Amino acid sequence: MSQISLARYLREQQRVLPVLDDALIRLLEQVAQACVGIGQALGQGALAGLLGAAGQDNVQGEAQKKLDVLANDLLIDAHVWGGHLAAMASEEMDDLYTLPDEMPRGDYLLAFDPLDGSSNIDVNVSVGTIFSVLRAPQRQAVSAADMLQTGRAQVAAGYAIYGPSTQWVLTLGAGVDVFTLDRSLGQFFLTERGLRIPEQTQEFAINMSNQRFWEAPVQRYVAELLAGREGVRGKDFNMRWVGSMVADVHRLLTRGGLFMYPIDAKTRAKGGRLRLLYEANPMAWLVEQAGGLASTGYERILDLSPQALHQRVAVMLGAREEVLRLEDMHRD
Ligand code: AHG
Ligand code: MN
Ligand code: MN
């Protein structure tokens, strides 16, 4: 079978998905092309003097890596001229990025984490880029408040994962499809349609070093997993923790599992570790489109009303049965 390129896939989908207009197709192709460029920069790594700290902190108060800044700039440069966006928001930029006056505006808003898992970049472990597309208001002036839309308002969401192969995972609200980069052509080709997360799992992902800081329901839930077949769950569990959300989520989208970054005593004041607009919401939509669930423990992530651009949130997402069990334990 001749390979289906991303360009062909998007135009075939356009015939069945009204949401997919020409501007959104151009937007998505530009995101994918920027990810090809980010992947190539990552691949050069030390040879291009791109590893290490950029020497300044971002709005999150985290030391930026050179590649955080480069990835952010590549995404801005890819979209500023296209005429399909009204504004952008990024983990690496304090405020909303509105287009320069001379640039044409469009109907969409783009929120992104240009380089997710950047603490792993200097040790050559998989990292990614996460993006979320929202509709812009039908008026010229756009403000940060226009970005504060519930996750259910997303029109497209996905991520690139820069691993042994570079893959691009996308949902338009009709399931989750996977593309793999042909590095010799610099093009993505469809390699998997309709990812499904099994309702049950024996694999969980959490940063266990935070255990003593978790709230009681998470303490109890994880203790049951660790008790294995001798405990109430009656089966043994396996654990993975990459430290790049994209890598941990890609694994559960591909072979099942549960990912947790709960609120803990250390992050409570900030609202959690992961950011709602460009980490939790896009990942939550992908997971629910693949038959899983995404919750804070108390409510579904996609139902939250964002209050701030860099708002943080507790994240528990993946296998339906496990998320339901966690929600029950948070209600008790
Ligand atoms: P980012 O590099 O964009 O700041 O994201 C890192 C996040 C997420 O990718 C990962 O799941 C989490 O940080 C890991 O946190 P710990 O280092 O506390 O485990
Ligand atoms: Mn991130
Ligand atoms: Mn990041």
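Residues numbered from 1 in each chain as written. Chains lettered and ligands numbered in written order. Predicted model: local features only at pLDDT ≥ 70, side-chain atom pairs only at ≥ 80, totals over all residues. Heavy atoms only, no water.

**Let's talk about the overall build of the protein**
Turning to step 1, where the next piece is worked out: Along its length, the protein carries seven helices and 17 strands.
Turning to step 2, where the next piece is worked out: Against the compact-globule benchmark of 20 Å for 332 residues, the protein has a radius of gyration of 19 Å, which places it among compact chains.
Turning to step 3, where the next piece is worked out: Once the C-alpha set of the protein is aligned to its principal axes, its extents read approximately 65 × 50 × 45 Å.
Turning to step 4, where the next piece is worked out: Within the protein, the fraction of its 332 residues that count as buried is 57%.
Turning to step 5, where the next piece is worked out: In the protein, the proportion of contacts linking residues at least 24 apart, taken out of those at least 6 apart, comes to 63%. (Helix = DSSP H or I, 4+ residues; strand = E, 2+ residues; numbered from the N terminus. Rg over C-alpha atoms; globule rule 2.2 N^0.38 Å. Buried < 20%, exposed > 50% of the residue type's maximum accessible area, 1.4 Å probe, protein only. Contact = heavy atoms within 4.5 Å.)

**Focus on the coordination of the manganese ion (ligand 3)**
Turning to step 1, where the next piece is worked out: Only Glu91 (OE), Asp113 (OD) and Leu115 (O) from the protein coordinate the manganese ion (ligand 3), and they sit 2.2 to 2.5 Å from it.
Turning to step 2, where the next piece is worked out: Counting the intervening residues between successive donors of the manganese ion (ligand 3) yields the motif E-x21-D-x1-L.
Turning to step 3, where the next piece is worked out: The distance between the manganese ion (ligand 3) and the manganese ion (ligand 2) comes to 3.7 Å, with aspartate 113 serving as a donor to both metals.
Turning to step 4, where the next piece is worked out: The exposure class assigned to aspartate 113 is buried, which follows from its relative accessible area of 0%. (Donors = N, O, S within 2.8 Å, 3.2 Å for Na, K, Ca; no water.)

**Here we look at the nonpolar core**
Turning to step 1, where the next piece is worked out: The biggest cluster of nonpolar side chains holds 49 residues, and the ones touching the most others in it are Leu28, Leu110, Phe131, Val133, Trp168 and Leu170.
Turning to step 2, where the next piece is worked out: Examining the composition of this core, we find that 13 residues originate from one element, helix α2 (residues 22-44), more than from any other.
Turning to step 3, where the next piece is worked out: With residues near it in sequence (within four places) discarded, valine 133 still touches Leu24, Leu27, Tyr108, Leu109, Leu110, Gln154, Val155 and Ala156.
Turning to step 4, where the next piece is worked out: Judged by nonpolar contacts, the second largest core, of 34 residues, contains Tyr159, Leu276, Leu304 and Leu317. (Core = buried A, V, L, I, M, F, W, Y, C linked by side-chain atoms within 4.5 Å.)

**Some remarks on the sheet that holds strand β5 (residues 108-116)**
Turning to step 1, where the next piece is worked out: With mixed pairing, the eight strands of this open sheet are ordered in space as β4-β3-β5-β6-β7-β8-β9-β10. Both edges of this open sheet fall to β4 (97-98) and β10 (187-192), since each of them pairs with a single strand only.
Turning to step 2, where the next piece is worked out: Of the pairings in the sheet, the one linking strand β7 (residues 156-162) to strand β8 (residues 166-171) comprises six bridges and is antiparallel in character. Counted as the bridge partner of alanine 157 is threonine 171 from β8. (Pairing = 2+ DSSP bridges.)

**Concerning the pattern of salt bridges**
Turning to step 1, where the next piece is worked out: A complete count under the given rule lists 19 salt bridges for this structure.
Turning to step 2, where the next piece is worked out: For the salt bridge of arginine 152 with aspartate 303, the shortest nitrogen-to-oxygen distance reads 2.6 Å. Placement of the pair is arginine 152 in the loop between β6 (127-135) and β7 and aspartate 303 in the loop between β15 (293-295) and β16 (312-313), with a sequence separation of 151 residues.
Turning to step 3, where the next piece is worked out: A relative accessible area of 41% means that aspartate 303 is categorised as partly exposed.
Turning to step 4, where the next piece is worked out: In the salt-bridge network here, residues are joined through shared partners; they are Glu62, Glu91, Arg273, Arg275, Glu279 and Arg312. (Salt bridge = Lys/Arg side-chain N within 4 Å of Asp/Glu carboxyl O.)

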